[in-house]
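Working through the structure, step by step
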Amino acid sequence: RGLAESDAKGSLPVTVINETMRKRYFPNEDPLGKRILIQEIVTGKHEVGREIPWEVVGVVADEKVEGLDDNSSPGVYVSYRQSPIVGMDLLVRSAGDPRAMLKEIQHAVWKVNKDQALPDVKMLEEIKTQATASDRLRAVLLGVFAALALVLAAIGIYGVISYSVAQRTHELGIRAALGASTSDLLRLVIGHGMSLAALGLVLGACGALACGRILASLLFNTSPADLPTLLGAALTLALVALAACYLPARRAAKVDPMVALRYE
């Protein structure tokens, strides 16, 4: 069961634990009915009191306390009446615009304690936005650097293929003079460039898998070895390489055989 109104001061101390707590400390047994010794928190003081045996009455799902990438740790929940603390959070669900209820919430609180302030009122969307701000920043930075890397890769492939075509101008002229068609020359140049690109993709995929653990901390609900992601990245790079190979190949295919034979 969960915590209830009957779990008040003077009644049996009870607690609800999370899944991680159950798996770590009760791996092969039912935790319900077991007791956990926890030192009493002394309200308003930097000290702890005597040990209290809390009886486990329920198990709840794990929570992410520090953010979406927070790995859950063992946790226990107890009634406020059995273990009071300084400071509380009030969670309110609204069917309409929650901001329109702020005054009603304030009046409801002031009916209980007219001196109680509500200093930090936030909407759930604001909390989610703040919790993911650093992750979004890292994602944007990674995206920018990835785009720059893609542009540099395209420029590098274009430069290498262009240089290769220039070095083979005489050969291409001979092939054209001997009857090689435009499509033959295109296939020759593009095939050479794409073979180098394919080798680079294989080496890059191996490097991505090897360095996956470094990126794991920056990912949410995605594995570093996620196959669709790797295939999508490889396809994108292959298309960039193809585009970078096409222009030099088309220029080589249009070369005049007589000019190419005289080329030095």
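Residues numbered from 1 in each chain as written. Predicted model: local features only at pLDDT ≥ 70, side-chain atom pairs only at ≥ 80, totals over all residues. Heavy atoms only, no water.

**A closer look at the sheet that holds strand E3 (residues 48-60)**
Short version of the rule: A pair of strands is treated as paired once DSSP finds two or more bridges between them. Strands here are runs of E lasting at least two residues and helices are runs of H or I lasting at least four, both read from the DSSP assignment and numbered beginning at the N terminus. Axes here refer to lines fitted to C-alpha atoms; in helices the fit is confined to the stretch in contact. Angles between the N-to-C directions go from 0 to 180 degrees.
In space, the four strands of this open sheet follow the order E2-E3-E1-E4, with mixed pairing throughout. Every other strand in the sheet has two partners, leaving strand E2 (35-41) and strand E4 (76-78) as the edge strands with one partner each. Mean inter-strand twist for the sheet, computed between neighbouring axes without regard to direction, equals 45°. Pairing analysis gives five bridges linking strand E1 (residues 14-18) to E3, with the strands arranged parallel. Bridge pairing in E3 places isoleucine 17 opposite valine 59.

**Quick word on empty space enclosed by the protein**
Here is the rule: Computed over the protein atoms alone on a 1 Å grid, cavities are sets of points where a 1.4 Å probe fits but cannot get out and pockets are open sets with protein on both sides within 12 Å along at least five of seven lines; a residue lines them when it has an atom within 4 Å of a point. Grid points are joined across faces, edges and corners, and a volume is the space filled by probe spheres set on the points. By the convention adopted, Pro, Cys, Tyr, Trp, Phe, Met, Ile, Leu, Val and Ala count as nonpolar, Lys, Arg, Asp and Glu as charged, and the other residues, Gly among them, as polar.
For the coordinates displayed, the defined rule picks out one cavity of 30 Å³ or more. Considering only enclosed or pocket space, the largest cavity measures out at about 50 Å³ in volume. What lines the largest cavity is simply Ile161, Ser164, Val165, Arg168, Leu172, Val189, His192 and Gly193. Mapped by element, the contributors of at least two residues to the lining of the largest cavity are helix H4 (133-167) and helix H6 (182-210). Along the lines of polarity and charge, the residues of the lining of the largest cavity split into four nonpolar, three polar and one charged.

**Quick notes on the layout of surface pockets**
Each pocket or cavity is described by its volume, and for the largest pocket that value is around 1700 Å³. Forming the boundary of the largest pocket are 34 residues, of which Asp89, Leu90, Leu91, Val92 and Lys122 lie nearest the centre. Sorting the residues of the lining of the largest pocket by element identifies helix H2 (102-112) and helix H3 (124-131) as the ones contributing at least two each. If you tally residues by element for the lining of the largest pocket, the top one is H2, at six residues. Within the lining of the largest pocket, the residues separate by chemical class into 21 nonpolar, five polar and eight charged. In this model, the second largest pocket occupies a volume close to 970 Å³. Lining of the second largest pocket is provided by 26 residues; of these, Ala146, Ala208, Leu215, Thr229 and Ala233 occupy positions nearest its centre. Looking at the lining of the second largest pocket, the elements with two or more residues in it are H4, H6 and helix H8 (227-253). Across the lining of the second largest pocket, the residue classes tally to 18 nonpolar, seven polar and one charged.

**As for H6**
Inclusion rule: To estimate how far a helix should reach, multiply one less than its number of residues by 1.5 Å. Throughout this description, buried means an accessible area under 20% of the type-specific maximum (1.4 Å probe, protein chains only), exposed means over 50%, and partly exposed covers the range between. We call two residues contacting when some pair of their heavy atoms lies within 4.5 Å.
Between its first and last C-alpha atoms H6 spans 42 Å; for 29 residues at 1.5 Å apiece the expected length is 42 Å, and the two agree. Buried within H6 we find Leu185, Val189, Ile190, Gly193 and Ala197. Here the buried face of H6 lies against H4, helix H5 (169-177) and H8.

**A look at the pairing of E3**
Two strands pair when backbone bridges link them, and E2 and E3 are joined in this way by six bridges, in the antiparallel orientation. The residue of E3 that forms the bridge with isoleucine 36 is tryptophan 54. In sequence, E2 turns back onto E3 through a hairpin of six residues, with glycine 44 there showing a positive phi of about 80°.

**Some points on the pattern of salt bridges**
Heads up, the rule is: The rule for a salt bridge is simple: a side-chain nitrogen of Lys or Arg has to be within 4 Å of a carboxyl oxygen of Asp or Glu.
As enumerated under the stated definition, the model contains 10 salt bridges in all. Where arginine 81 meets glutamate 5, a salt bridge forms, and the shortest distance between an N and an O atom there is 3.3 Å. With a gap of 76 residues between them, arginine 81 in the loop between E4 and H2 and glutamate 5 in the segment before E1 connect regions that are remote in the sequence. Assessed through its relative accessible area of 47%, arginine 81 is described here as partly exposed.

**Some words on the side chain of threonine 20**
In this fold, threonine 20 is placed in helix H1 (residues 19-25). What threonine 20 contacts, discounting residues up to four positions off in sequence, is Asp62, Ser72, Ser73 and Pro74.

**Focus: the side chain of asparagine 18**
Cut-off, in case you're wondering: Two N or O atoms form a polar contact when they lie within 3.5 Å of each other; inside protein one atom must be a possible hydrogen donor and the other a possible acceptor, and for residues adjacent in sequence the pair counts only when both atoms belong to side chains.
Checked against the element boundaries, asparagine 18 lands in strand E1. A relative accessible area of 0% means that asparagine 18 is categorised as buried. Here glutamate 63 takes part through its side chain, which lies 3.2 Å from a polar atom of the side chain of asparagine 18. For asparagine 18, the residues in contact, after removing those within four places along its chain, are Val59, Val60, Ala61, Asp62, Glu63, Ser72, Ser73, Pro74 and Gly75.

**Details of the nonpolar core**
Note the threshold: Residues belong to one nonpolar core when they are buried, are Ala, Val, Leu, Ile, Met, Phe, Trp, Tyr or Cys, and are joined through side-chain atoms within 4.5 Å.
Membership of the largest hydrophobic core is limited to 11 residues, which are Ile161, Val165, Leu172, Ala176, Leu185, Val189, Ile190, Cys245, Ala249, Ala252 and Ala253. Secondary structure elements with two or more residues in this core: H4, H5, H6 and H8. Broken down by element, the residue count for this core peaks at four residues, all from H8. Other than its neighbours up to four places away in sequence, leucine 172 contacts Val165, Leu185, Leu188 and Ala252. Ile17, Met21, Phe26 and Val56 belong to the second largest nonpolar core, which has five residues in total.

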